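Listed below are the residues making up each chain.
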Amino acid sequence: MKKWISYVGVLFLSIGLLLGCSTDSSEQNNSNTRVSTNESSQELAEDEVRITISIDHGTEHVNEKSISIEEGDILLNVLEENFFIESDDSGFITSIERVEASDEEKTAWMYTVNGEMATVGAGDYELSPGDEVVFDLQSWE
């Protein structure tokens, strides 16, 4: 009986060690993403774009990443791979990094590329290396 209890104890200890050593997939590093708190002053590599998430015309900073891309990558796909994104059935972005747009507050996610307001949705925009994309939660009134 003592042997059986010892075996069970070793089994539980082994399982605990294995679980403690494993990494959660959300904590794993994406080798294509380089994150820094002060990237706006850094130069982009030849194959990178910078995506900034902000609120109210940049008065509040949410997140910023420099991301390696290939020519022609679609902006929405890159967003979904690197940020927490929610959208409605029509593909309209409703939340970025858990910051939600609101019909009641009349806010929506707008984006610019290289300082110019986009003329197509993020699902149709083809990125080019060097692009600087800003998604900003703004009032649409």
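Fair warning: this is a prediction, and the values are worked out from it, not measured in the lab.

A few points about the overall build of the chain
Logical step 1: Helices and strands together make up the secondary structure of the chain, namely two helices and nine strands.
Logical step 2: Within the chain, the proportion of its 141 residues that are buried is 29%.
Logical step 3: Across the chain, the fraction of contacts at a sequence separation of at least 24, relative to all contacts at a separation of at least 6, is 54%.
Logical step 4: Split by element, the accessible area of the chain, about 9700 Å² in all, is 50% carbon and sulfur.

Some words on the nonpolar core
Logical step 1: Counting 22 residues, the largest nonpolar core has Ile 51, Leu 75, Leu 79, Ile 93, Val 133 and Phe 135 as its most contacted members.
Logical step 2: Sorting the residues of this core by element identifies β2 (48–55), α2 (75–82), β5 (93–96), β7 (107–113) and β9 (132–139) as the ones contributing at least two each.

Remarks on the pattern of salt bridges
Logical step 1: The tally for this structure, following the rule as stated, stands at one salt bridge.
Logical step 2: The partner of Arg 50 in a salt bridge is Glu 132, and the shortest N-O contact between them spans 3.0 Å. Separated by 82 residues along the polypeptide, Arg 50 in strand β2 and Glu 132 in strand β9 bring together distant segments of the chain.

Topic: the confidence of the model for the chain
Logical step 1: For the chain, per-residue confidence averages 80 on the pLDDT scale, and residues scoring 70 or more make up 71% of the total.
Logical step 2: The element-level mean pLDDT for the chain is lowest in strand β1 (residues 33–34), coming to 36, with β2 highest at 98.
Logical step 3: Ignoring residues within four places in sequence, the model shows residues 8–14, a span with pLDDT below 50, making zero contacts including any to other chains.

Notes on the pairing of β2
Logical step 1: Of all eight residues in β2, eight are buried, a share of seventy percent or more.
Logical step 2: Burial along β2 is two-sided: the face carrying Glu 48, Arg 50, Thr 52 and Ser 54 and the face carrying Val 49, Ile 51, Ile 53 and Ile 55 are both buried.
Logical step 3: In terms of strand pairing, β2 meets strand β3 (residues 60–68) through eight bridges, oriented antiparallel. Considered in β3, the bridge of Ile 55 is made with Glu 60.

Brief notes about the sheet that holds strand β4 (residues 85–87)
Logical step 1: A sheet is described by the order of its strands in space; here three strands give the open sequence β4-β5-β6, paired in antiparallel fashion. One side of each edge strand has no neighbouring strand; the edge strands of this open sheet are β4 and β6 (99–100).
Logical step 2: Two elements, β5 and β6, share two bridges in a ladder whose sense is antiparallel. Within the sheet, the bridge partner assigned to Ile 96 lies in β6 and is Val 99.

So, the side chain of Glu 48
Logical step 1: Along the chain, the position of Glu 48 falls in strand β2.
Logical step 2: Exposure remark for Glu 48: the relative accessible area of 5% places this residue in the buried category.
Logical step 3: In this structure the side chain of Glu 48 is engaged in a polar contact, spanning 3.0 Å, whose partner is the backbone nitrogen of Ala 45.

Cut-offs used in this document
- Residues numbered from 1 in each chain as written.
- Predicted model: local features only at pLDDT ≥ 70, side-chain atom pairs only at ≥ 80, totals over all residues.
- Heavy atoms only, no water.
- Helix = DSSP H or I, 4+ residues; strand = E, 2+ residues; numbered from the N terminus.
- Buried < 20%, exposed > 50% of the residue type's maximum accessible area, 1.4 Å probe, protein only.
- Contact = heavy atoms within 4.5 Å.
- Areas by Shrake-Rupley, 256 points an atom, 1.4 Å probe, with all protein chains shown as cover.
- Core = buried A, V, L, I, M, F, W, Y, C linked by side-chain atoms within 4.5 Å.
- Salt bridge = Lys/Arg side-chain N within 4 Å of Asp/Glu carboxyl O.
- pLDDT = per-residue confidence, 0-100.
- Pairing = 2+ DSSP bridges.
- Polar contact = N/O pair within 3.5 Å; in protein donor to acceptor, adjacent residues only side chain to side chain.

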